[in-house]
Structure formats: structure tokens, C-alpha cells
Amino acid sequence: MKKRTFKKWLFPAAVASLVFLSACGGGATPAAESGTGGASKDPIKVGAIFSLTGPNSPLGVPEKQAVELLVKEINGAGGVEGRPLEVIFEDDKSDNTEAVKAIKKLASKEKVVAVLGSSGSGPSLGMAEYAAAEKLPLISMAAADQITNPVRAGIYKTPHTDVHGTKRIFKYLKEKGITKIATLNDSNPYGSGWTTQLQKYAPEYGITIVAEEKYGTKDPSMSSQLTKIKGTDAQALIVAGTNPGPATIVKEAKQLNLTIPIISSHGSANSKFLELIGDAGEGVLMVAGKLLIPEQVAADDPQSAIIKKFVDGYQAAYNTQPDGFAGYGYDGLNLLVEGLKQAGGDTSKLGEVLEKAKYVGVTGEFKFTADDHNGLTEDSMIMVEVKDGKFQLVK
């Protein structure tokens, strides 16, 4: 596994936009470290397990970069409650088993007080099961609704869920008068989660699913599934997966002259999707967070200021624009740091304090409650369309 440790000093202006309710007393004690009340000047150790290699690396690499950027800022401004923040990175290689091995290592050997990650839903689900049993706070960067539903103490996530994405897409389809759809989703936990939510909410929006197809994450072609879909009366196709699968689907659909609108989930909401689809992507729709189109966010939007700050800082550091996945990592660490501050450095209170979080982030406006450990709604998601090789807001 890859591992890097960062020890520098800072606290970002970005976290000034985080506002928490008053801290609660008590709470479970993480296996990593008991409460210190902030008296110690030793580093606060946090684990970060991302998919730095494998199919999910287009998600994990920007997440790691965002966290690295924020750690430098936090430690450069004096740390957290007078203590430096030390983030220990691990690569789960886009593998469920590797993710669980990594979190066990971070908890037992590194004695971390909390963990960020993982990038994918499958690895995150395994990590969440272990973290909940060990009372180790975890903030996931994956989308599957089942990561935080049902609610488990200390387990949180930053991306919009497949429920949010489903509802936002169905709202768009209803506006367009589309009532019959086909679905083509990855068979992994992320795609399967979407299948479940599409089935569940279709009747509520007056939508009928006339074809349901699946593909494997590593499948090189989905032409047989697309041929079946072409033979139905579907008026639109919803695709749920992470790159390169959705891009392959888009290109093969064009080759097969499948002319119905294609709508992708937010699992492909990054520049890699545009790179992979090339000219075939014109007109493809996608549900996403606002960070995908930062220059098109209205100035009076509550997220505008923090999106601008993050984009400017990330672009200066890496010479590229951050995507939604980078934002998930950025929001996750910001939430964790404010939780530590609100708890006065007493890490035993971290899991419970996070349950009171209210935070305007780059992904959306988070409002965690005892019944909601994601804290987002579909209203902070947008629909975009690929035009001239770029994502454009659908108004």
C-alpha cells in the first residue's frame, strides 16, 4: 500500500464557512485515541483511504490531492486546537478487501482518531462495518445510500446519494414529459444502488422502466445491452457507473445510432468523462454537484464563496480544475476538523459532535441530524449537458 504522512501547520479560511451547533457531552470513544481535551500537543492522526490505483483512481487521486492541499493550509495556520494535523494515506487499490485491511491497520497500528474514505461504495461499506463496530468515526467519499442508511453511530458521508441523483433526474424527466426509460448500470454496489433507487422512485414520478440492463465494471463493451434497449420504446437511457464504463456506453450508443437522450449519474462527473467520450459526447446529460461548473454558479448562491476559494486554491496547486470527487475529500476533512474544534480536541466526542453539523461546503449545504448522516438533498444537485466538449448548466 502507498503511504504518505503530512505534518505542516494551518487552518483555512474555507472552514470559516462551517457552522456547528453546540457540542454534546459524552459519546463513544474511538479505538484509536481516548479524549485528551486538547491538552496534548502531539499530532492528531487521521487516516485517509482512497482508491489511488485501479478503476476508482480517477475518484481517489483528486480526493487525496484536495486533502493534501487542505492539510497544508490547516497546519500552516496553527493546526487544530494547537495541535498539528497528521493525515496518513492508504491506497485500497479499488478493492473491498484492501480497504478493510487498510482501516484495520490505521486503527491498530497508527492509532488514528478518524478515517476519511473510501472512494468507492463497495470499499466504503466494508470500512463502515468495521468502523461502526470499533466506534471509529468515518466520513466516506462514496455515493451509495446504504453507507449511511440505516444510520450508524459515527458513520457519515459527503457525496450526494443515489437517492438524490435519482430524484433530480426524475424531476428533469417529468419536466420534459418523458415517462418511459431504460437503465444500464454497473453491477457493483454503486450501480446496484442506483438500480434500487430508480425502481423505488419511478412510480412516484409517473415513470415506467421498460428495460433494465447491467454490465461489469471491467467489461470492454456494452453493445449487446444497448442493442436490447434500442429495441424497446424507451424515451431516455439512464446510466450509472464510474469511468470508463459510462463513456464506453455513450460511444457505442452513437455507433448503434441510439438516438434517445442518455443521462449519466454523478459517478462520471469529471473531466475524464469528457476526455474519454470525445466528440461522441455532444448532448449527453448528467446529474452532478455545482462544483462541476464553478464558473456558472450564481454569485448569490450560498455555496459560491467556498466553491470559488477551493477552485482557486486547487487550480493554483495542481494546474487543473477540481471535480466533485476532490470536493468530497475537501468537505470531508473540513467537517472533521470543525468537529475536532467543536469538541475542544477531545476526540472521544467527535462522532457525536459531527451529528450536529451544519456546513456550507463545495458539494452542498450539509445538515446532519440523528436521522440523517449525509445531510444533503437533491435540491443542491444540477443537470448539465455536454456542449462543445464542455459541461454546460441546463436551466
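Chains are numbered independently. Their residues run from 1 in the order of the written sequence. Where totals are concerned, whole chains, interfaces and linings use all residues; where local detail is concerned, this predicted model gives features only for residues with pLDDT of at least 70, and gives and counts side-chain atom pairs only at 80 or more. Side-chain numbers come from the whole structure's heavy atoms, not from hydrogens or water.

An unreviewed UniProt entry lists the protein chain under the name ABC transporter substrate-binding protein, with Brevibacillus porteri given as the organism. The heading Sequence similarities (unreviewed entry) in the UniProt record of the protein chain holds the text "Belongs to the leucine-binding protein family." UniProt positions are given in the numbering used here, feature names are shortened, and annotations may be inferred rather than shown by experiment.

Draft legend 1. Structural detail: helix α3 (residues 121-134). Helix and strand definitions follow DSSP, with helices as H or I runs of at least four residues and strands as E runs of at least two, each counted in order from the N terminus. The span expected for a helix works out to 1.5 Å for each residue beyond the first. Relative to the 20 Å expected for 14 residues at 1.5 Å per residue, α3 spans 20 Å between its end C-alpha atoms, a close match to the ideal helical length. Every buried residue belonging to α3 is among Ser121, Gly122, Pro123, Ser124, Met127, Ala128, Tyr130 and Ala131, and all of these are buried. One or two residues past the end of α3 sits Lys135, with phi positive at roughly 55 degrees. Accessibility here uses a 1.4 Å probe with only protein chains present; expressed as a share of the type maximum, an area under 20% marks a residue as buried, one over 50% as exposed, and anything in between as partly exposed.

Draft legend 2. The pairing of strand β12 (residues 285-289), seen in detail. In terms of residue burial, β12 counts as a mostly covered element, since four of its five residues are buried. One bridge is not enough; two strands pair if DSSP finds at least two bridges between them. Looking at chain direction, strand β11 (residues 262-264) and β12 are connected through two bridges and run parallel. Paired with Ile263 across the bridge in β12 is Leu285. Examined bridge by bridge, β12 and strand β15 (residues 381-387) share five bridges and lie antiparallel to one another.

Draft legend 3. The arrangement of the sheet that holds strand β16 (residues 390-393) in detail. With mixed pairing, seven strands are arranged side by side in an open sheet as β9-β8-β10-β11-β12-β15-β16. Looking along the sheet, the strands with just one partner apiece sit at the ends: β9 (208-215) and β16. Each neighbouring strand pair of the sheet contributes to a mean axis angle of 30 degrees, computed without reference to strand direction. Sheet analysis places strand β8 (residues 180-186) next to strand β10 (residues 236-240), joined by five bridges and oriented parallel. Note on β10: the bridge partner recorded for Asn185 is Ala240. In what follows, residue pairs with any heavy atoms lying within 4.5 Å of each other are defined as contacts. In this description, a line fitted to the C-alpha atoms serves as the axis of each element, helices being fitted only across the stretch in contact, and the angle between N-to-C directions of two axes falls anywhere from 0 to 180 degrees. Of the strands in this sheet, β8, β9, β10 and β12 touch helix α5 (residues 189-201), which is tilted by about 160 degrees from β8.

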